Amino acid sequence: LWLAPHDVEGLAETLGGRERALSRLTEIFEESYRERRTPAPPRWYWQGNEPDIHAPYLLALWGDRSAGARAIAWARGVHYGLGPEGLPGNDDSGTMSAWYVFSALGFFPLAGTEDFVLGSPLFTRAVVHLPAGTDLTIDAPGASDFVIYPERITLEREEITAPTIAHARLAAGGALAFDLSPEP
């Protein structure tokens, strides 16, 4: 159902509008949080299928940054880990691994665009060395499995209120800061 990463606004329209699409996706994640973990793929949301890996980010993109942060942190914690089952599904050419790395940094590429959807970083600090010789420093003081809700996001001290950020802005480097809270 959610396999339209190249046209998420068209998907929302097809599902009855952004509010209705957000409600439907929220319900899927709420059911997923309650579902008992078994070896079989879950009934509701499974992170191990590439066509759905962007779904947690749709929550943030469609206007609920807190629900997005919760779904992203939940997917990182439930579907990834150490050991033979550390990656969900088939890691085709590193797709699942890339999802985890991007999500741990706090953003994820929106297919078919030059934008990244902002999420919630896992680390308190990360530095990405960019090809141009500059660095993108990501700071999220207090970030953990429980401190996940973005209250404020800035790039070079300029507040980002949109759910996305352009690739060119990240590729230029600088300081991306997430002020996080343990509560939505």
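Data block above holds the structure.
1. Topic: the pairing of strand β5 (residues 149-155)
Then, number 1: Judged by how many residues are buried, β5 sits mostly within the fold: five of seven residues are covered.
Then, number 2: As paired strands, β5 and strand β8 (residues 174-181) are joined by six bridges and run antiparallel to one another. Across the sheet, residue Pro 150 finds its bridge partner in β8, namely Leu 180.
Then, number 3: Relative to strand β6 (residues 158-159), β5 runs antiparallel, the two sharing two bridges. Within β6, the residue paired with Leu 155 across the bridge is Glu 158.
Then, number 4: Hairpin connection of β5 to β6: two residues between the antiparallel strands, including Glu 156 at a positive phi of 55°.

2. Examining unusual backbone geometry
Then, number 1: Of note, the phi angle at Glu 156 is positive, near 55°, even though the residue is not glycine.
Then, number 2: Tracing the chain through its elements places Glu 156 in the loop between β5 and β6.

3. A look at helix α2 (residues 18-34)
Then, number 1: Helix length check: α2 (17 residues) gives 25 Å between terminal C-alpha atoms against 24 Å at 1.5 Å per residue, within 8%.
Then, number 2: Listing the buried residues of α2 in full gives Ala 21, Leu 22, Leu 25, Ile 28, Phe 29, Ser 32 and Tyr 33. Around the axis of α2, the buried residues are gathered within 140° of arc, so they sit on the same side. Turned more than 90 degrees off the buried face of α2, the exposed positions are Glu 19, Arg 20 and Arg 34.
Then, number 3: Where the residues of α2 are buried, they touch α1 (8-14), α3 (55-61) and α4 (65-79).

4. Comments concerning the environment of Ala 171
Then, number 1: By the element assignment, Ala 171 lies in helix α6 (residues 167-171).
Then, number 2: If we skip the residues at most four places from it in the chain, Ala 171 touches Leu 130 and Thr 134.

5. Details of the sheet that holds strand β4 (residues 135-139)
Then, number 1: With mixed pairing, five strands are arranged side by side in an open sheet as β3-β4-β8-β5-β6. For this open sheet the edge positions go to β3 (125-129) and β6, each flanked by a neighbour on one side alone.
Then, number 2: Where β3 meets β4, five bridges bridge the pair, whose relative direction is antiparallel. Pairing of Val 127 across the sheet is with Thr 137, part of β4.

6. With respect to the packing of aromatic side chains
Then, number 1: The final tally for this structure, using the stated rule, is 14 aromatic pairs.
Then, number 2: Ring geometry for Phe 29 and Tyr 33: centres 6.3 Å apart, planes at 40°, overall tilted. With Phe 29 and Tyr 33 both in helix α2, this residue pair falls four residues apart, about one helical turn. Of the two residues, Phe 29 and Tyr 33, both sit in the buried class.
Then, number 3: Arranged with centres 5.8 Å apart and planes meeting at 45°, the rings of Phe 102 and Phe 116 form a pair that is tilted. On the criterion of sequence distance, the pair formed by Phe 102 in helix α5 (residues 95-105) and Phe 116 in strand β2 (residues 115-118) is long-range, its members being 14 residues apart.

7. With respect to the pattern of salt bridges
Then, number 1: Scanning the entire structure with this criterion turns up six salt bridges.
Then, number 2: Across the pair Glu 31 and Arg 34 runs a salt bridge whose closest N-O atoms are separated by 3.1 Å. With Glu 31 and Arg 34 both in helix α2 and three residues apart, this pair spans about one turn of that helix.

8. Remarks on the sheet that holds β2
Then, number 1: Reading across the sheet, the three strands line up as β1-β2-β7 and stay open at both edges, with antiparallel pairing between neighbours. Either end of the sheet is taken by a strand with one partner, and the two such strands are β1 (107-109) and β7 (164-166). Taken pair by pair, the neighbouring strands of this sheet meet at an average axis angle of 35°, ignoring direction.
Then, number 2: Pairing of β2 with β7, which is carried by three bridges, proceeds in the antiparallel orientation. Within the sheet, the bridge partner assigned to Val 117 lies in β7 and is Thr 164.
Then, number 3: Its contacts with the sheet put α5 on β1 and β2, and the angle it makes with β1 is roughly 135°.

About the criteria used
Residues numbered from 1 in each chain as written. Predicted model: local features only at pLDDT ≥ 70, side-chain atom pairs only at ≥ 80, totals over all residues. Heavy atoms only, no water. Buried < 20%, exposed > 50% of the residue type's maximum accessible area, 1.4 Å probe, protein only. Helix = DSSP H or I, 4+ residues; strand = E, 2+ residues; numbered from the N terminus. Pairing = 2+ DSSP bridges. Expected span 1.5 Å × (residues − 1). Arc of directions from axis to C-beta. Contact = heavy atoms within 4.5 Å. Phe/Tyr/Trp six-rings, centres within 6.5 Å; stacked < 30°, edge-to-face > 60°. Salt bridge = Lys/Arg side-chain N within 4 Å of Asp/Glu carboxyl O. Axes fitted to C-alpha atoms, helices over the stretch in contact; angles between N-to-C directions.

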